[in-house]
Every structure is written in structure tokens, then in C-alpha cells.
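Residues per chain, in single letters:
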Amino acid sequence: MKNTTPNFDFSAVIANSIHDMKNSVAMLLSGLDELIVQSPQGDPPVNQGFMELQYQGKRVNAQLVQLLALYRIRNDLYSPNITEIDVAECLEECSLQNKGLLALKGISLEVSCDTDLFWFFDRSMILSVINSQVNNAFKYTRSRVVISANIQDGHLCIDIHDDGSGYPEEMLQNAGADQRTIDMSTSSTGLGLYFATLVAQMHTNKGKSGNISLSNKDAGGRFRICLP
Amino acid sequence: MAIWSLKDEKFLVIDDFSEMRAMMRTMLMSYGAQDIHLARNGEDALKILENNQFSIILCDYNLGDGKDGQQVLEEARYRGLLSASLIYIMVTAENTAHMVMGALENQPSSYLSKPINRTVLQARLDSLLKKRARLHNLNQLINKKQYQQAIAACDKEMAESPRYRFELLKLRTELLMELDDYPAVADQAQQVLDERDIPWAFYYKGKASLMLQDYEKAKEIFTQLIETQGNYIVAYDGLAEAEKGLGNNDAAQAVLLQALERSPKSVLRQRNLAETSERIGDYQTSEKARRQAIKVGRKSVLKAPGDYAGLAKALVKNDKSSEALQIASSVQKEFNDSAEAELVGAITTSQVYQSMGKEAESEAALKKSTELLEQFPGGAPRNLSLDVAEACMEHGQVDEAKELIRQVVTEQHNDQSVLARVGEIFKEAGLEEQGRSFIETTREGIIKINNRGVKMASEGDVAGSIVLFDEALLNMPKNTDININAAFAFLKSMQQNGVEQGLLEKTKRCLAVVRQAGDHKAKYQKMMELSQGMEASLTT
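Basis of the calculations
Residues numbered from 1 in each chain as written. Chains lettered and ligands numbered in written order. Predicted model: local features only at pLDDT ≥ 70, side-chain atom pairs only at ≥ 80, totals over all residues. Heavy atoms only, no water. Axes fitted to C-alpha atoms, helices over the stretch in contact; angles between N-to-C directions. Helix = DSSP H or I, 4+ residues; strand = E, 2+ residues; numbered from the N terminus. Parallel < 35°, antiparallel > 145°, perpendicular 65-115°, else oblique. Left-handed = near helix turned anticlockwise from the far one by under 90°. Contact = heavy atoms within 4.5 Å. Expected span 1.5 Å × (residues − 1). Buried < 20%, exposed > 50% of the residue type's maximum accessible area, 1.4 Å probe, protein only. Pairing = 2+ DSSP bridges. Phe/Tyr/Trp six-rings, centres within 6.5 Å; stacked < 30°, edge-to-face > 60°. Right-handed = clockwise from strand over helix to strand, strands pointing away. Buried area = accessible area lost by both parts, 1.4 Å probe. Salt bridge = Lys/Arg side-chain N within 4 Å of Asp/Glu carboxyl O. Polar contact = N/O pair within 3.5 Å; in protein donor to acceptor, adjacent residues only side chain to side chain.

1. So, the packing of helix α16 (residues 321–334) of chain B against helix α17 (residues 339–356) of chain B
All names here are of chain B. As a packed pair, α16 and α17 sit with axes 7 Å apart at the nearest point and diverge in direction by 165°. Compared by their axis directions, α16 and α17 come out roughly antiparallel. Handedness of the α16/α17 crossing: left-handed. Residues Ser-321, Ala-324, Leu-325, Ala-328, Val-331 and Gln-332 of α16 touch α17, and the partners they reach there are Ala-341, Glu-342, Val-344, Gly-345, Thr-348, Thr-349, Val-352, Tyr-353 and Met-356.

2. Notes on α16(B)
Residues and elements named next belong to chain B. Over its 14 residues, α16 extends 20 Å from the first C-alpha to the last, a length consistent with the 20 Å expected when each residue adds 1.5 Å. For α16, the full list of buried residues reads Ser-321, Ala-324, Ile-327, Ala-328 and Val-331. Contact partners of the buried residues in α16: α15 (305–317) and α17. Asn-336 occupies a position one or two residues after α16 and carries a positive phi of about 50°.

3. A few points about the sheet that holds strand β8 (residues 211–216) of chain A
Residue and element names in this part refer to chain A. Spatial ordering of the open sheet is given by β2-β4-β5-β9-β8, a layout of five strands whose pairing is mixed. Of all the strands in the sheet, just β2 (108–112) and β8 have a single pairing partner and so form its edges. When strand polarity is set aside, the average angle formed by the axes of neighbouring strands in this sheet is 15°.

4. A look at the packing of aromatic side chains
Overall, the coordinates contain eight aromatic pairs over all chains when judged by the stated rule. Arranged with centres 4.8 Å apart and planes meeting at 25°, the rings of A:Tyr55 and A:Phe138 form a pair that is stacked. Within this pair, whereas A:Tyr55 is found in helix α2 (residues 44–74), its partner A:Phe138 is found in helix α4 (residues 123–140), the two being separated by 83 residues in sequence. As far as burial versus exposure is concerned, A:Tyr55 and A:Phe138 are alike and both buried. Following the ring pairs from residue to residue traces out a cluster consisting of B:Trp200, B:Tyr203, B:Tyr204 and B:Phe222.

5. A few points about the environment of A:Leu32
All names here are of chain A. With respect to the secondary-structure elements, Leu-32 resides in helix α1 (residues 10–38). Judged by its relative accessible area of 10%, Leu-32 falls in the buried class. For Leu-32 and Ile-147, which are 115 residues apart along the polypeptide, the C-alpha to C-alpha distance reads 25 Å. Residues contacting Leu-32, with those up to four places away along its chain left out, are Phe-50, Leu-53 and Gln-54.

6. Some remarks on the sheet that holds strand β2 (residues 35–39) of chain B
All names here are of chain B. Taken together, the five strands give an open sheet; going across it, the order is β2-β1-β3-β4-β5, and neighbouring strands pair in parallel fashion. Only two strands of the sheet have a single partner each, and these edge strands are β2 and β5 (110–113). Taken pair by pair, the neighbouring strands of this sheet meet at an average axis angle of 20°, ignoring direction. Two elements, strand β1 (residues 10–14) and β2, share five bridges in a ladder whose sense is parallel. Counterpart to Val-13 in the pairing with β2 is Leu-38. Sitting on the sheet, helix α2 (residues 42–51) is in contact with β1, β2 and β3 (56–60), with an inclination near 140° to β2. The strands touched by helix α3 (residues 69–78) are β1, β3 and β4 (87–92); relative to β4, the strand with the most contacts, the crossing angle is about 160°.

7. Topic: the pairing of β3(B)
Residue and element names in this part refer to chain B. Buried residues dominate β3, accounting for five of its five residues. The alternating pattern of β3 places Ile-56, Leu-58 and Asp-60 and Ile-57 and Cys-59 on opposite faces, both of which are buried. In this structure, β1 lies alongside β3, joined through four bridges in parallel fashion. Across the sheet, Val-13 pairs through a bridge with Leu-58, a residue of β3. For β3 and β4, the ladder comprises five bridges, and the chain directions are parallel. Its bridge partner being in β4, Ile-57 is matched across the sheet by Tyr-88. With α3 bridging β3 and the parallel β4, this β-α-β connection has right-handed handedness.

8. What about helix α23 (residues 462–475) of chain B?
All names here are of chain B. With 14 residues, α23 extends 20 Å between its outermost C-alpha atoms, agreeing within 8% with the 20 Å of an ideal straight helix rising 1.5 Å per residue. Taken residue by residue, α23 has Val-462, Gly-464, Ser-465, Ile-466, Leu-468, Phe-469, Ala-472 and Leu-473 as its buried positions. Considering only its buried residues, α23 is in contact with α22 (432–458), α24 (480–497) and α25 (501–517).

9. Re the interface of chain B and chain A
Listed as interface residues are 27 residues of chain B and, on the opposing side, 27 residues of chain A. Between chain B and chain A the total buried area reaches about 2,500 Å² when both faces are included, carbon and sulfur atoms providing 46% of it. At the surface where chain B touches chain A, the tally comes to four salt bridges. Where B:Asp197 meets A:Lys206, a salt bridge forms, and the shortest distance between an N and an O atom there is 3.1 Å. Counting every contact that joins chain B to chain A gives twelve residue pairs in polar contact (both at pLDDT 80 or more). Secondary-structure elements contributing two or more residues to the side of chain B that touches chain A are α4 (118–134), α7 (165–178) and α8 (182–195) of chain B.

Quick look at the structure:
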């Protein structure tokens, strides 16, 4: 029997569920953090186990955060909260949230940014984007991730550079493209890039808007988001 | 590396969940914090703030029923309970930004999202403490309300380092607003906008236009701001003011209704809606709005007897006279028998009886009002004097009304809204022409005295001007023009003849009157500085 209730807004139901799940996952990750702190160091199989749990947990969290944000943006419930941000501090926060996990796999995370660099953007949105990309690096990086920021051509460019094997050709083609061409059915990376693109485009100044780009540079992949 | 410690900070943690309060306290203590107060809701927090100074406040946005975190911040600021250097961290359940609901000058220092990650908390506090250290001098000047010097301090900071540049520019703009220097505000905002499309710059540009009464421009700016940044609720308030300035009260009402849909918990906005609705005769809406203003304002410092009077008025118009009477008689108690509440209660009661056709009861209440007015400690507020004057007119007591009006006009001879209202009162009583000439004569008298006094002082007869102003001050002690010009004369005399304690005291009293009214801000600042300098020279 079909559900013919009029005015039944399923997307609102989904949004509420996502919100709920997001909170649960945050609690999960928090509990996991505690376990890791309390467990004896240096037991390889256990460490491996924890690593995988954290990685997956963060993936789920990142996706839920993005879905919720997308829902809000698409339903006009969200206006970017653009404020003056201490960029170095923002990148440090990202580093704090990810270094531990990356270290478990022997990957170093560095931040390179002028401490006097201030720019205008929606801190929580940009942090979501960067966090999600850095978390992805967990799978693809060999030993080193560098997050850097500088001004180019009147834009703030934040780069996430890993030393893995770089992006596959199709991704390089499609990145930064119109949302309609991004294939979201393939993997979560699709959602991540779609989200990043939308967030970048939400940032405008004097007729210019933000964008993202992917490239394979200096042995490794580089994700770049530019904000006017 | 030095151990990072919070031991010298004084914390207030506000959260409606005891587990959260406990968790925050544990986290803070793990970083060395020793002085931590806890509060479970806005009302408790404000009570604690009345008697304690804090350096850092962590407040959950959502505090159950009653005030939310933003409202706590606003009320505490409004009541002067917070230092300019206070760090206020709003803890939110969402990690997406929410609406910029409060006044732009009252934003939290930072937002943190739940669940709170201890390393993020540490990093954030570290950053905020560094900023506080950096802006210490500037904040001290702001605390002392030395706005000119604070602006100079801003400029110095910006010259020394690019850090916090736009935040300093915003602060500078707000300081110019405090000084009522609207052309400078507009210029400053435009300079910022030439660099970047920043919402707050648009907002202040709009505000400056409003204050300079360029309502078309203000309307344009605020409309654009709402379109591009729909979460700036104050932009709606600005647009409503612009519409009102253009005489479009219906449009203003519509804008306020939109804003209230998104942000209903604002006493001032509800009140604004009520007043605007009254102006267009929509008493249904004004009744609802007044009820909301009363409800939201119940435990707020923004609570005002006027909302009860307004509700009673709307109820009368909506044929609910008996409830109106109840409201009128409840005002006094709602405000702990304050003189103002008692007076408002009496006037409102008189008006309600009048509308019910009960002449005798109405006159009795009016008589009580007039008595209360005469006995009002420190002199009655002018709007209440005019309310009584209006009621007297309605009862045919023209001479009594005129005397009250004369007193008000004498104190506020340049205030357009006062003069407009007075004009209305005479018009309602069918005495439009008489009213006009009465106002003119009264005003002329004061303007003459002022001009003469200023002329005397600048032409060298300082002693003569002092005699003139001394007498004027006896007759119209609250007139800000007289007070500021008297202060000028006193200061001039002391510059010529040396500082003298008696004159200095008189100067300070005059300046206090001007400060209280918020008029002549730039002149006030200059004279205040002169006066303080003279005071210092007496003690050295």
C-alpha cells in the first residue's frame, strides 16, 4: 500500500536522521579517542584495528556533515557566515583533528602558512572541506601530507598535498566541473568534491567566486580550493 | 616551552545540563583553571554577573526555556556587566553557522560546536587569549568610554600589524557610531566595501544613511544585504526603519513580520512591530506583538511599562475592555511599584475608562496621574508627561495640558519627535494653530537664551555668560543645549582665570546631563577631556 500522506516531506525526515546520526558518530569517535588514549601503546594488530575504526568513523562523520550542509544549502536554510579568519589557526585546528590518526600509519602532517594571514570565509564550511580531504589522504598518502595556504591572484588558495600516487585521470578531468557532471554514484569522493565545489562557489567577492581544482604535482596529488 | 595554563582566568560556564557543566569544569581544570563558576540558565547567569567579574564565559546557545546564549550576552552587555576584553564563547549544537541574530556590536568572541574537543578548546582559548593581550590597551579605553582615544589606538594597531585588520576596522566603525559621527561611519564603511563585499560594512553604511535620514539609500542598502546575506536579521530591522522613514508603514510592518518569523525572541523587534501596527491602525497585530514583547521580556532588562499600556490600548480597540482594565491595573505590580509603572498604570486606567465612557472614573485616574507626575522623583520622563498632557486635553483641561507641554518643550526644544507629538496633541484637540504658535514662542525663548550666552562667552564676556547660564539651568535643568553651552562657558572661564573647584563641579554636572541624554557626543568628549585635565591639575 502506497503512502499517500499529503505534504510528507521525506527530505526533512532524512535531514533529522542525519543530524541524529552525526551526533551519534561524534560520540562514537569521542569514545574511540578515549580507548586509544587508555590502551597500551605499540600493539600492532590493535593499533591497526583502531586506525581503521577511526578512519571509517571520520569518513562517515564527514559525509553526514556534508549531507546535512547540502540539505540546508539546497533548501535555502543556509547563508554562509563569512567572517575574518586567522588562516593559520584554522589550518592548525584541522591538523589537530587529523594528525593523531595519520601518525598511527606513520604519515606526517605539516601546516605551512604565514601566521599573519587573515582571510574571509565561512570557517566551519571550509574546515569541513579540508578535514574531509585530509581524511581521504589517509588511504592514498605514502608518508607526508602538507596543508598550505597563500594568496594568489587575489584569492586565498588552500592546498592539501600528499605524496601518494596522485589522482586518477577521470578525476582530474571532472574536478571543478559543473555539479551535474560529477558522478556521485561512484564513491564518496564524488560527494566530497561536489560539496567542496558548492562551498567554494558560495564564497563570492566583487563578482568573483571560489573554485576547486585537482592536480598531480611533484609526485602526489594536490587538492586546491581558492576563495576570492 | 612554557606550560600553558588557565590559572589566572576567571570562568563562568552556562549550560542547562549538569553533565555538560561538570564536563566543562573538568576540562578547564585539566588546563589549570581554578576559578570556575557554573550557572544553569540565563537568569542565574545574569545574577552571578551582577556580583562577579569574569574573564572568560562559555555559554551554551540553547539554555532550555528562558533566555538563550545570545540573549544573555546582549543583556549582560546592555547592562554594562561585561568588560570589552571579556572572552565570550558560544557553544552550539550545530557546526553550521546560525543566524546573526543579535546586534552586530554584540557578537560572541567565538563559536565552538558540540561535542567539545579538548584540543580544539585549548587551541581556541590560546588564540583568543593572545588576541586579548594584543588589544589590551584598546579595550581599556573602550571600557572607560574614551572613544576618540580608542579610535587612535585602533589606528595604531592597524599600522603596526596586519593581524585582525578587518576586525579592527569594524571596531573603528562601531566607535564612530558611538560618537554619532555618521558621515565618518559612511566613509569608513565605503572604504571597507571598496576592498571587499563585507556584510557588516553594508550594514553600517545602511545605518549611517538611516541616521542621516537618507531613507531611499538606506532602503536600497538593506534590501541588497537581505538578498545576499539572509541571516543578518538586523538588516530587516534597518529596512523597516528605512520604510518608516519613507512613510511606508505597511511595508515596514511586513518586513518586521518576516524578521520575527526567523527571530521571534526580540523584545525590541516585537515592540517595533506593535508601534508600527498601531500607526496603521492594525490593532490585531499590535495586540499579538505586545503580548509577545511582554512574554519575551518578562525577566529581561528590556521590559517596559509601555508594552502594557500598548496592550491595553490594543485591547480597547479590539473590544476587550475588561481585559484592558486588568492589564492597566497590573502594571504597577509587574514593575515592583516603580514610580514609572505606577504612573503608566494610572494614565492607562484613565484612558481605558475614557473609552468605556466612564467619565468619573477616568477623571479620577487622571487626577491621580497628574499628582504622580508632579511628585515623580527626578522629574517625569517626557513621554509620560505628554501622555498626561494628551489625557488632559481629552478631558478639556487645556491649561493643565499646555503647562505640561511647555515644560517638555523647554527641556527638548530641538527634538523632532517630541515636537511632532506635541503638534499632534494640539491637532487632536482642534487647537492646531494655537499649538503651533505656542511651540514656536517656547522654542524661541530658549534659542534666544542659548545664542546670547554663547555669543557672550565667545566675545569675551565670560562672566556675563555664566550668570545667564546659571539662571537658565535653574529653569530648564535638563535642556542639553543649555547644559553643553554652560559647560563651555565654565571651561572657558577656567581656561582664562584658572581652575576652580566650584566651577569644575558645575561643569561636571552639566556634562553628566548631556551624557545621560546621549546628545552632542563629539562636543561632550572634547569637553570631558578638558574637564578631566583640569581636575588632574587640581590634584597635582
